[in-house]
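# Results of the structural survey
The primary structure of each chain is shown beneath.
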Amino acid sequence: NPSHFWSGDTQITMYQAIGERSQKNNCGLMTSMVANLALGSAICFVAFNTASSSLSSGMMAVRTAPATMPVAPMRAFHQPQMRMNSLRTNAEASLGLTGYVPYPDTTGASLTPLPAQGEKSKFSDELKATAAAIVADGKGILACDESTKTIGKRLEQIGVPNEEAMRRAWRELLFRTPNMNEAISSAILYEETLFQNAEDGTPFVDIMKSLNVIPGIKVDTGVRATFMDGETITDGLDGLAERAQKYYAQGARFAKWRGVLRIDANGAPSMEAIEANARSLAHYGKICQMNGLVPIIEPEVLMDGAHDISVQRWVTEKVQAATMKALSDVNIEWEGMLLKPNMILPGTDSGTTASPEEVAKNTVEGLMRTLPAAVPGITFLSGGQSEEEATRNLNAMNKLYPNAPWKLSFSFGRALQASVLKAWDGKPENVESAQKLFYALSKANGDAALGKFEGAHPATTGSLYEKNYVY
């Protein structure tokens, strides 16, 4: 019973057709497809022979027709049927579901009720105001929510030990950069940082609030392997309502959850992976809204692979569409959420590149097909692009689509920090120069969020790509 996912009396009935372990659902997709084929045949028979029997009786015959003929489900990538049956069984077992049905069962044997209208969050007005503030004109998000393990890898690159004092010193450098709030509206934090104090004892949250920078929090607990080889689902729903309340009390006003999908020649992403990650993103989003946090919905399609830009766009649109459907099913408040998608780029192993204008066209036009205009803003992830590429691609979007229905902004991690980390090098005497560079990078992206970035880019690093990136 998924109704325990958030507070209130709302009872969630979405996905009952795939969530219930009952005999009537065991036929799953096979039953639905056979029934539809039979329905079409029956209607054609009636029309062609001008039989005296009515259409309703023909439909009744379809309702009672046994669905026993094996029908292979359609897939984006064709594989041997035995392989697909094995994947389906494994996917269902990993989720604890039976009878995966991506579309409603039309046989009438089992009908999924329309989700109840549900209740609005008591924080509804606050959510809308926070979401709008995060994507204020010329501003974006500093994503510094790397886990202790991931930030350790970054510190190792400059010969700095992964110790609490050094992690604190690095993040204090960022938060105390003079005038950083001119282009940074908010920052996503790791839990350690949300409850951490600066060297002088001032809570980081208080430093951020004094600059009108909104604190946010990463709430997922990482990914686990499932489905076909290399596919994952994100964990963290257990106890999320209680954690969200704790984070809100500490001063956080938004949250982030990352779903990760990949493209490969073996058939990834599978429909099961798309559906499962969409549903977990939706449940996370609703839980956060009910507890005062604006959810940033991040369905990332990795840039890994040899595919071209058209495949990246096609898969990303499918992922985004599934995510929007799942969000609708939980009655998300669109005005109180933000989307953090990948930009549309060719696969890293494709041997091709795309101009900022090509990236802008494929990215924004794809979003126009999937994302409701009610969502106030899009905060793009950099996804392994170089600092300069991420800025110029964002700038092209805002120049080419100044009248897009949503703000087109940024939520960059590596693309705001890589050069700064290198400039700091773990040395106190380098703090001031590193902060000046951080300000310049922030301002460049703030200008790009207005379509006004021009001239040389302040970055000092190149590609930031990491295969199968996790954080």
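All figures in this text were calculated on a predicted structure; none of them were measured in a lab.

All told, the structure shown has five aromatic pairs when counted by the stated rule. Ring plane angle 55° and centroid distance 5.2 Å describe the contact between Phe 123 and Tyr 248, whose orientation is recorded as tilted. Residue Phe 123 is found in the loop between α4 (81–95) and α5 (124–134), and its partner Tyr 248 is found in helix α10 (residues 240–250); the two are separated by 125 residues along the sequence. Assessed through its relative accessible area of 16%, Phe 123 is described here as buried. Centroid distance Phe 175 to Phe 204: 5.2 Å. Interplanar angle 75°. Geometry classified as edge-to-face.

Relative orientation of the contacting elements helix α6 (residues 148–157) and helix α7 (residues 164–175) amounts to 80°, with a least axis distance of 11 Å. For the element pair α6 / α7, the angle class is roughly perpendicular. Residue-level inspection shows Thr 148, Ile 151 and Leu 155 of α6 in contact with α7, the latter providing Arg 167, Trp 170 and Arg 171.

Among the nonpolar cores identified, the biggest contains 106 residues, and Leu 142, Phe 175, Tyr 284, Trp 406, Val 420 and Trp 424 are the most heavily contacted of them. It is helix α11 (residues 271–290) that contributes the most residues to this core, nine residues altogether. Residues contacting Tyr 284, with those up to four places away along its chain left out, are Val 219, Leu 237, Leu 240, Ala 255, Lys 256, Trp 257, Pro 295, Ile 296 and Ile 297.

Attention shifts here to α11. If you check α11, its first and last C-alpha atoms are 29 Å apart, about what 20 residues at 1.5 Å a residue would give, namely 28 Å. Most of α11 sits inside the fold, with 19 of its 20 residues counted as buried.

Within the secondary structure, Glu 300 sits in strand β7 (residues 294–301). There is a polar contact of 2.7 Å between the side chain of Glu 300 and the side chain of Arg 258. If we skip the residues at most four places from it in the chain, Glu 300 touches Arg 258, Gly 259, Val 260, Leu 261, Asn 342, Leu 381 and Gly 383.

With eight of its eight residues buried, β7 lies for the most part within the structure. On β7, burial covers both faces: Val 294, Ile 296, Glu 298 and Glu 300 on one face and Pro 295, Ile 297, Pro 299 and Val 301 on the other are all buried. The pairing of strand β6 (residues 254–261) with β7 spans eight bridges and is classified as parallel. The partner of Ala 255 across the bridge, within β7, is Pro 295. With α11 bridging β6 and the parallel β7, this β-α-β connection has right-handed handedness. Examined bridge by bridge, β7 and strand β8 (residues 338–339) share two bridges and lie parallel to one another. In the sheet register, Ile 297 faces β8, and the bridge partner there is Leu 339. One crossover worth recording links β7 to the parallel β8 by way of helix α12 (residues 309–329), and it is right-handed.

What counts and what doesn't
Residues numbered from 1 in each chain as written. Predicted model: local features only at pLDDT ≥ 70, side-chain atom pairs only at ≥ 80, totals over all residues. Heavy atoms only, no water. Phe/Tyr/Trp six-rings, centres within 6.5 Å; stacked < 30°, edge-to-face > 60°. Helix = DSSP H or I, 4+ residues; strand = E, 2+ residues; numbered from the N terminus. Buried < 20%, exposed > 50% of the residue type's maximum accessible area, 1.4 Å probe, protein only. Axes fitted to C-alpha atoms, helices over the stretch in contact; angles between N-to-C directions. Parallel < 35°, antiparallel > 145°, perpendicular 65-115°, else oblique. Contact = heavy atoms within 4.5 Å. Core = buried A, V, L, I, M, F, W, Y, C linked by side-chain atoms within 4.5 Å. Expected span 1.5 Å × (residues − 1). Polar contact = N/O pair within 3.5 Å; in protein donor to acceptor, adjacent residues only side chain to side chain. Pairing = 2+ DSSP bridges. Right-handed = clockwise from strand over helix to strand, strands pointing away.

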